Amino acid sequence: LVHHGNGVVNHNCWISGNVKSKTVISGMEAGFCVRLDGVDENTGVIRLADGDHQTDALKQDCLSKCAVYPGMTGCEVIWGQTNRGCYVHTSPLVHHGNGVANHNCWVSSSLKTKALFAGMEAGFCVRVEGTDENTGVVKLAEGDHDTESKRQECLAKCATYAGATGCEVISFQGNRGCYVHTSLLVHHGNGVANHNCWISLPIRAPTLFKSRENGFCVRSDGTDENTGVVRLATDDTDTADKQASCLVKCAQYPNYTACEAIWNQSNRGCYVHTSTLVNRGNGVANHNCWIKK
C-alpha cells in the first residue's frame, strides 16, 4: 500500500520500482509504441536493457526500469528479433501500441489520462445548466485527493472504468474520495472549493472548438496552411459520428490549433493542425474546419 513520500521534513522515501510502475504506467498494449496517427515514435527512445523480454518477469523488470527514468512517457519491450530489449520513451507524442507482434507497449498514466479526459476544472461535475449530476456516480477510493499524485491516481482509476464520462476528486469534507461519472449529462466543473472535475474528451471535445465552418482550414488571408498538419485517420469523415471522433483525436494531439475533416476525395480523412496561423474555413466543398477556441 505504500505509494509516495508526503514531504515531511527530516524524512526521505523511496518506493520500489515494481510498486511505482503500477502507479505511473497504464496497462500493457500489443505492438510497439506509436503516435496518435500510428506513426512510429523514435525520438527520445533509450535502450535500457538487451535481450528478449517476453516473459512476465522480464517485462516487469523493464517496467521497473522505465518507471524511474526521468521524463518517462512510455515503456516498450521487444523479443525474437535483432533489436530485442527494453526501451523507455520520453516523447510526449507516444499514444498507444500498434498491435505488431513481438512487441508490447505501456504508455505513462499521465499521458493516457490526457488522451481520455480534458483538463482539470475546479468544482464538482455538473450538467450544462449547473445542476449536480448524481446518477451513475461510483466511488472508487476513499480519502483526501488534494495532491497531484493522488489526483493522477484517481484519473488512472477513472480511465480504466467502463463507460467513464467524468472523474471527480473531493478533499477535506465527509464525502472525500475519488469518483467516476458514467452519465452522459456531465458537462463541466462548477467551481466549488475542495472539488476537481475532469470531463471525458468525447463529451468535452466539441466545446473546445469554435463552430464548424465549411471548407478546409486556411490563414486569415485565405492562404492554405500546410505546415504542422498531421493526418489522424484516412477514411471519409462526413458523418456526425466520424466528425465527433475526429474532434476527439484532434483534442488529444499536443498543441492542436484546429481540426479538419475531408471526404469523397483522395486525401479524405481527419487532420489536426498545430500552426497558430490557421484562422477559418474557406468554404470549399467536401471539407469542414474547426478552429480551437
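Notes on the structure in this doc start here. Everything numeric in this text was worked out from a predicted model, so none of it was measured. (Residues numbered from 1 in each chain as written. Predicted model: local features only at pLDDT ≥ 70, side-chain atom pairs only at ≥ 80, totals over all residues. Heavy atoms only, no water.)

Digging into unusual backbone geometry
Next, step 1: Positive phi, close to 70°, is recorded for asparagine 194, a residue that is not glycine.
Next, step 2: By secondary structure assignment, the location of asparagine 194 is in the loop between β13 (188-189) and β14 (195-199).
Next, step 3: The partly exposed category is assigned to asparagine 194, whose relative accessible area is 37%.
Next, step 4: You will see that asparagine 255, though not glycine, has its phi angle at about 65°, which is positive.
Next, step 5: Within the element layout of this structure, asparagine 255 appears in the loop between α6 (240-252) and β18 (258-262).
Next, step 6: Since its relative accessible area comes to 65%, asparagine 255 is described here as exposed. (Helix = DSSP H or I, 4+ residues; strand = E, 2+ residues; numbered from the N terminus. Buried < 20%, exposed > 50% of the residue type's maximum accessible area, 1.4 Å probe, protein only.)

Remarks on the state of the cysteines
Next, step 1: For the coordinates displayed, the defined rule picks out 9 disulfides.
Next, step 2: The disulfide bridge from cysteine 33 ends at cysteine 105, spanning 2.2 Å between sulfur atoms. Taking the torsion about the sulfur-sulfur bond, which here is approximately 115°, the covalent link between cysteine 33 and cysteine 105 counts as right-handed. Of this pair, cysteine 33 sits in strand β2 (residues 33-34) while cysteine 105 sits in strand β7 (residues 103-107), placing them 72 residues apart in sequence. Across the pair, cysteine 105 and cysteine 33 agree in class, each one buried.
Next, step 3: Paired by a disulfide, cysteine 62 and cysteine 86 hold their sulfur atoms 2.0 Å apart. Its S-S torsion of about 85° marks the bond between cysteine 62 and cysteine 86 as right-handed, since a negative value means left-handed. One end of the pair, cysteine 62, is in helix α2 (residues 56-67); the other, cysteine 86, is in strand β5 (residues 85-89), and 24 residues separate them in sequence. An identical accessibility class is assigned to cysteine 62 and cysteine 86; each is buried. (Disulfide = S-S within 2.5 Å.)

Overview of the nonpolar core
Next, step 1: With 21 residues, the main nonpolar core has Phe209, Leu232, Cys250, Cys259, Cys270 and Val272 as its most contacted residues.
Next, step 2: Where this core is concerned, the elements lending two or more residues are β17 (229-233), α6, β18 and β19 (269-273).
Next, step 3: Tallying contributions element by element places α6 first for this core, with 5 residues.
Next, step 4: Not counting the four nearest positions on each side in its chain, valine 272 is found in contact with Gly228, Val229, Val230, Leu232, Cys250, Tyr253, Tyr256 and Ala258.
Next, step 5: Ranked by size, the runner-up nonpolar core spans 11 residues in total, among them Cys62, Trp79, Cys86 and Trp106. (Core = buried A, V, L, I, M, F, W, Y, C linked by side-chain atoms within 4.5 Å. Contact = heavy atoms within 4.5 Å.)

What to know about the sheet that holds β7
Sheet strands pair via backbone hydrogen bonds, and the direction of the pair is either parallel or antiparallel.
Next, step 1: In space, the 5 strands of this open sheet follow the order β1-β7-β4-β5-β3, with antiparallel pairing throughout. Where the open sheet ends on each side, the last strands, each with one partner, are β1 (29-30) and β3 (45-50).
Next, step 2: Relative to β7, strand β4 (residues 74-78) runs antiparallel, the two being bridged by 5 bridges. By the bridge assignment for β7, isoleucine 78 is matched with histidine 103.
Next, step 3: With respect to the sheet, α2 is in contact with β3, β4, β5 and β7, its orientation differing from that of β4 by roughly 150°. (Pairing = 2+ DSSP bridges. Axes fitted to C-alpha atoms, helices over the stretch in contact; angles between N-to-C directions.)

Points about the layout of surface pockets
Next, step 1: Approximately 480 Å³ is the volume found for the largest pocket.
Next, step 2: Contributing to the lining of the largest pocket are 24 residues, with Ser110, Leu111, Thr113, Lys114 and Ala115 lying nearest its centre.
Next, step 3: At the level of elements, α3 (109-116), α4 (148-159) and α6 are the ones that each hand at least two residues to the lining of the largest pocket.
Next, step 4: Take the lining of the largest pocket: its biggest share by element is 5 residues, from α3. (1 Å grid on protein atoms, 1.4 Å probe; cavity = no way out; pocket = protein on both sides within 12 Å on 5 of 7 lines; lining within 4 Å. Points joined across faces, edges and corners; volume = space filled by probe spheres on them.)

What about the packing of α3 against α4?
In a packed pair of helices, the relevant descriptors are the angle between the two axes and the axis-to-axis distance.
Next, step 1: Direction vectors running N to C along α3 and α4 enclose 55°, while the axes themselves pass 9 Å from each other. The orientation of α3 relative to α4 falls into the category oblique. Two packed elements cross with a definite hand, and for α3 against α4 that hand is left-handed. Where α3 abuts α4, its residues Ser110, Thr113 and Leu116 lie against Gln152, Leu155, Ala156 and Ala159. (Parallel < 35°, antiparallel > 145°, perpendicular 65-115°, else oblique. Left-handed = near helix turned anticlockwise from the far one by under 90°.)

Some thoughts on the environment of asparagine 190
Next, step 1: Take asparagine 190: it is sitting in the loop between β13 and β14.
Next, step 2: Here the alpha-carbon distance between asparagine 190 and valine 128, two residues 62 residues apart in the chain, equals 9.7 Å.
Next, step 3: Apart from residues lying up to four places away in sequence, asparagine 190 is in contact with Ala122, Gly123, Phe124 and Val126.
Next, step 4: At 3.3 Å, the side chain of asparagine 190 and the backbone nitrogen of valine 192 are in polar contact. (Polar contact = N/O pair within 3.5 Å; in protein donor to acceptor, adjacent residues only side chain to side chain.)

Examining the packing of aromatic side chains
Next, step 1: Applying the stated criterion to the full structure yields 1 aromatic pair.
Next, step 2: Their ring planes at 45° and their centres at 5.4 Å tell us that phenylalanine 209 and tyrosine 256 sit as a pair that is tilted. Of the two residues, phenylalanine 209 sits in the loop between α5 (201-204) and β15 (213-214) while tyrosine 256 sits in the loop between α6 and β18, which places them 47 residues apart along the sequence. Neither phenylalanine 209 nor tyrosine 256 differs from the other in exposure class; each is buried. (Phe/Tyr/Trp six-rings, centres within 6.5 Å; stacked < 30°, edge-to-face > 60°.)

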